[in-house]
Amino acid sequence: MKNLLKGVALAALMMAPGAAMADVESDEPIIIVQNNWTSQLVLSYVVGKTLEGMGYTVEYAPSDSQLQFQAMADNDMDFQVEAWEGSMKSAFEKAAENGMLDAGTHSALTREEWWIPNYVLEKCPGAGHWQGLDRCAEMFATAETKPKGRFVGPPADWGKNYADRIGALEMNFEAINVGQAATLWAELQSAYDRKEPIVLFNWTPNFIESKFEGQFVDFPAPSAACNEVKEWGPNPNATGDCGAPHSGWLKKAASPRLPEEWPGAWAVLQRVDFDNADIAAAALLVDVDGMEPEEAAEAWMKENDHLVKSWVQ
Amino acid sequence: MPTDAQIKCRNLWKVFGDDPQGFLRRHKGNPSPEALKEEGYIGAVQDVSFDVNQGEILIIMGLSGSGKSTLIRCITRLNDPTIGEMEYEGRDLLKLSERELIDLRRHKFGMVFQNFGLLPHRDVLENVAFPLEVQGISKADRVTRAKAMIDLVGLGGRESYFPRELSGGQQQRVGIARSLAVEPDIWFLDEPFSALDPLIRAEMQDEFIRLQSMLHKTIVFITHDFEEATKLADRIGIMKDGRMVQLATPEELVLNPADDYVAEFAKNAPRERIVSVGAIMQPVTDAASGTVPMSAKIGAVAEQVLTSENPVAVVDESSGTIVGSIDRQTVATSIFGTRSSEGTRAA
Amino acid sequence: MTEATAPSRTEPQGFSLSAIPLWGQFAAIIIFGVLLSLVWDGATRWPEAWVIPAAQWITDFIEWLKSEATIFGVEFKDITRGIGAALKAPVKWAEYLLYRGFKGIGLGPLPWVAVAAGVVIFAHWVGGVRLAILCGLTMIYLATFNLWKDSMKTMTIVIVAVPMAALLGITLGIWVTRSKTASRIFSPMFDLMQATPHMAYLAPVAALFAFGPVTALIATVIFAMPPMARCTILGLQTVSSDVIEAGQMSGCTKRQLLWKVALPSSKRTLMLGLNQVVMQTLAMVVIASIAGATGLGHKLLYSLQQLRLGVAIEQGVAISLIAIVLDRLTQAYAYKETDHFVAGKTFVQRHKHLLLFLGILVASYIAAEFFRWVKIPPSKFIWGSGDAKTVLFDAKLLARHMDQAIRDFNVVAFDYINPIRDWVTIWILLPVRDFFLWLPWPVFVGVIGLGAWRLGGMPVLLLCLALMFSFIVTGFWVETMKTTYLVLIAAALCVIIGVPLGIWAARSERVANIIMPICDTLQTFPSFIYLIPAIMLFRIGDFANIFAILPYATVPAIRYTYLGLKRIPPVTIEAGIANGATRMQRLFKVELPVALPEIMLGLNQTIMMALAMTAITALIGSTDLGQEVVRSISTQDFGRGILAGFFIAALGIIADRLIGSWAAERKRQLGVA
């Protein structure tokens, strides 16, 4: 019965006209995950086009940033070029237990933290540090949060409870979580155009740094003790009174079938390595130069020909 | 004439409610109106028995809600009666299998509906050919047959029109053509002309008479219009609250209404066209001058009688003998008299 | 003639509260609930220990299905995978046809010129020149704005999902009309399915089936099917009994009766169903972009998230145009009269549209070998060559100008908009929200319950109680109240805006001719589109959410008011005039009271649509049930997502039963039922 079902499924797939044979292991399409932020889109096209240049057939499938890992474990999609520690760690690790492959770590380092545009420093020179920022809290207040300042936080499901940190550090802020990352940028853009003070959640590398000038706010450096020992940190009566790691990992992930069916492509993926500049450059092409992601990928590949060649070998 | 009966119905009941079978069983197949009301059942057809004779036009008449439509649907098995017996040419209608019933409808029954029941997605030709199509008759044969039927009802040339493009009268002609396409033995007409304007209605009634004079079908015809009934019927069955209160010739209904309800219908009937001379003649008298036939309707002889000084002799056409006489007074009273007496009674 | 005596509702007997006036009963419940909350915290928040972890159970169940369940020795996972793989085949074929091309045999996808011409020719065939022009302009828009390929990607799912949803709907519809059991199972399911927001379908489907186009396809089919089933049921049940009996008397077997009589006779209703299927499919395909569907929806979501509003507007317009075209085409097809003068025409005359299309198809395939622009629309329209080149039109440039204009506008308008936004937030939104969050649940349950009992009797009361307790005992009280508050405020605004517009339209033919087509068009847009202006003008927050709900949910308020007033018998109005009422008196004393039941049904629809939109506005940012639904897709917490979707539907059903019972009773009293 099980075989029968597989047979039916296979037959259904066979009915679809196949692509011409090329000089690679299999002409079945490799499905590349695409998410909804710029650098990922551009760089997934970069890797996809590289593989196409080698003769592989690729398809792009849009996916949610959390669901994608399980989908790869299930062989529904084949690889992801940007997996972020800060927001995807748990989904990544869970899927890895279910068979998804860790295809290596990029050189790029990531950080997720409170962030202010530079013009805020003109009105509140100490805002680069959490205590200085706290002193200007009222400057960030809105109708809903008065008299407290408003911190525009990430979507609540990203696993980061800023209300707790605010409490632990006894800051005069209130965290308002947005529904989608888009609204973060909507808020930033709106405030930025009017030079209105704003403090919000941000991460690097992403397109923001190529479009807006600003900096992260420094918090007490994190440590294991911070979350376990109350006495640790500025507030002797609370845990969690510290910031986020300054350098998180950025990984690649792949489906278990990738090495089996397309060993050549798997080898390429393992060799792919981006640093922060590569990623920011990719985002810049789209977000500042106004290219479509696919065009941007071509431009990026022209710029970084040596890199692409080194993956293909 | 029991041998002539094409359809026999005995003690038909159609009861609506939660458990009509059980209800009738509890009341031994004959519940009282009080019992019906008390237990919340509606007796659409109650204990109706009658025969439909070969070649006759039987008209079932009653107001809306009297059960006449339900009755015709019981006979055609569009609705199954709750209890009762029905025979068609000696076959038990209620014991027919699905297949036999479909066969019967395909070859023996034809039906015309009040709102025509035409299929909106088919043109005239396809509508008329439809009963032949479901039988599986070849396209060429059914087109020939359907065209003949369309010509018969006078719609030749409009074969490719759709129902929505036809007037009400024309639509009903299509309905009639369709019901006749299979050359049925029995023709059921459920208020066929009620949805039409009065002028068209009269025209269609004449058309119906013309067709019947050619076809000689056995006909069960439903109407709520007493005048229509008297114009077309051999016999009329009058229904009230699910019961058939009287089944008789139009003449008997007018002369001997079974109850006030029937009398109420009969009172406005065109007696001169219904009552025959034989029914109101007086004994033979020597003073008679001239003769009229016994079976003639009063209206047909009225002028002759009313203009005659003397009574007129009535002749039995079959034997040629004089069987009675009729005078002015009798004719006048039979046409107008009852009405004036009704009037006084009402006052 | 027998007078139809309407059954009068018997007042509930033997209940001691009946002696107390209605306001007294409500007051008693409110006072009791508030006092209870003072002595027992559990009346404000359902005690944590009593919460039924239904969400967890559902999540665990789905996890179990995915990993362990077997049916007759076959792993459930393999079954869903098999179905998924089988469904992939038609999607692939559609992809090859529309934009990928048949690589194996060296045949390209349909050239865009052929597709565009095909649509225009079809439009001319079903709807004449005007429709053909509309379609032609839409095709040109899609081509010039560089959205052709994405449009084709969207259409891939549409052309596969529509026949599937239609067939499934007709089949289920037929089944429901034939089997009492099926009717008992499916009728309430269709109610529920239509009240459940689009998004809620995505998470569980994505969980069971592979993530990607197949998930989008399945979710779309499930979502778009109920209207077809409903129209089939309606169509079959409203075939005139004469037609059915005529079929029976013609000697039809049961099968002949269905296929030759009943279904063809209800063609128009079925076509209406098909129209609904097409519209719902498009709406769902756009939304399914968050679960793996490519195409315009995906691009639009991405543009919104990147705040490239200029591009988003271009893409939004494209989706709306496609929606309008599909709507008009299916409607025109539904009302197309069969030509009965076919005899006497030549083959070419009868099939001129088809022949023309085939000609263009072949010609364009050949031309595509020589001119690339026949195959794929050019990305820039350039005149001349070399140094003399002039760019005639560049969609990307236009988008950037729009972006800049919107930003400039924002900077200027902020000083005007922000105070309004702040004022409304502080003085209206926050107090109302805080009120609902403070509200002890016994008060809410009691007030709704009493209303349900008075309006609809025991069945409605029991239904409402079951639905209300479902979100209380599972620990969703706070989210549900947030949704309630959002929806009530939005609905109130819709009524304030919509009813006067409806009255105005009913009074002036000229106004109606402007407003009604706008209403039609607003409802044709996939709901996604309404997020654009909300994000553009306002920052995150409930104000933006409500603003996004308004254009979509105001339409029924306008339309039902208009229809309610238009349907008043002229005699009633003439009587008012004869009695010497002024225009205003007539409106307030005669027309509005008579039309009120209809207007209330409009309110009912408004609430349903506002509820549906709360899941969409969650994409801007909210903390209510809608957010739970959206979030569950990425957190894979299916239980919470499914329950939250169900509770949105539950709120809709409660509102529907209360308002529906009231309107039915009121119509009965007015004798216009």
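All of these numbers come straight from a predicted model, not from anything done at the bench. (Residues numbered from 1 in each chain as written. Chains lettered and ligands numbered in written order. Predicted model: local features only at pLDDT ≥ 70, side-chain atom pairs only at ≥ 80, totals over all residues. Heavy atoms only, no water.)

Caption draft 1: Here's a closer look at the environment of L155(B). Residue and element names in this part refer to chain B. Here L155 shows up in the loop between α6 (139-152) and α7 (168-180). For L155, a relative accessible area of 4% corresponds to the buried category. Through-space distance from the C-alpha of L155 to that of R328 is 47 Å; in sequence the pair is 173 residues apart. What L155 contacts, discounting residues up to four positions off in sequence, is I150, Q170, R173 and V174. (Helix = DSSP H or I, 4+ residues; strand = E, 2+ residues; numbered from the N terminus. Buried < 20%, exposed > 50% of the residue type's maximum accessible area, 1.4 Å probe, protein only. Contact = heavy atoms within 4.5 Å.)

Caption draft 2: Looking closely at a nonpolar patch on the surface. All names here are of chain C. A contiguous nonpolar patch, built from F347, V348, L354, L355 and L358 and spanning about 460 Å² of accessible area, is present on the exposed surface. Elements represented by at least two residues in the nonpolar patch include exactly α14 (347-350) and α15 (352-370). The biggest single contributor to the nonpolar patch is α15, with 3 residues. With respect to the secondary-structure elements, L354 resides in helix α15. (Patch = residues over 30% accessible without salt bridge, like charges linked within 9 Å, V, L, I, M, F, W, Y side chains within 5 Å. Areas by Shrake-Rupley, 256 points an atom, 1.4 Å probe, with all protein chains shown as cover. Salt bridge = Lys/Arg side-chain N within 4 Å of Asp/Glu carboxyl O.)

Caption draft 3: Region of interest: the interface of chain B and chain C. If you look at the interface, chain B gives 29 residues, while chain C gives 20 residues. Of the roughly 2,200 Å² buried where chain B meets chain C, counting both sides, 58% is carbon and sulfur surface. Where chain B packs against chain C, one counts 2 salt bridges. Here R73(B) ties to E245(C) by a salt bridge, and the two come within 2.5 Å at their closest N and O atoms. The tally of links from chain B across to chain C stands at 7 residue pairs in polar contact (both at pLDDT 80 or more). Listed by contribution, the elements that provide at least two residues to the side of chain B that touches chain C are α4 (98-107), β6 (109-112) and α5 (124-135) of chain B. A class-by-class count of the residues in the side of chain B that touches chain C yields 13 nonpolar, 7 polar and 9 charged. (Buried area = accessible area lost by both parts, 1.4 Å probe. Polar contact = N/O pair within 3.5 Å; in protein donor to acceptor, adjacent residues only side chain to side chain. Nonpolar A, V, L, I, M, F, W, Y, C, P; charged D, E, K, R; others polar.)

Caption draft 4: Spatial organisation of unusual backbone geometry. Note that the residue after T204(A), namely P205(A), is joined by a cis bond; omega there is 0 degrees. Structurally, the position occupied by P205(A) is in the loop between β8 (199-204) and α9 (208-211). A positive phi angle, close to 55 degrees, is found at D47(B), a residue other than glycine. Along the chain, D47(B) falls in strand β2 (residues 42-53). Look at D47(B) and you get partly exposed, because its relative accessible area is 27%.

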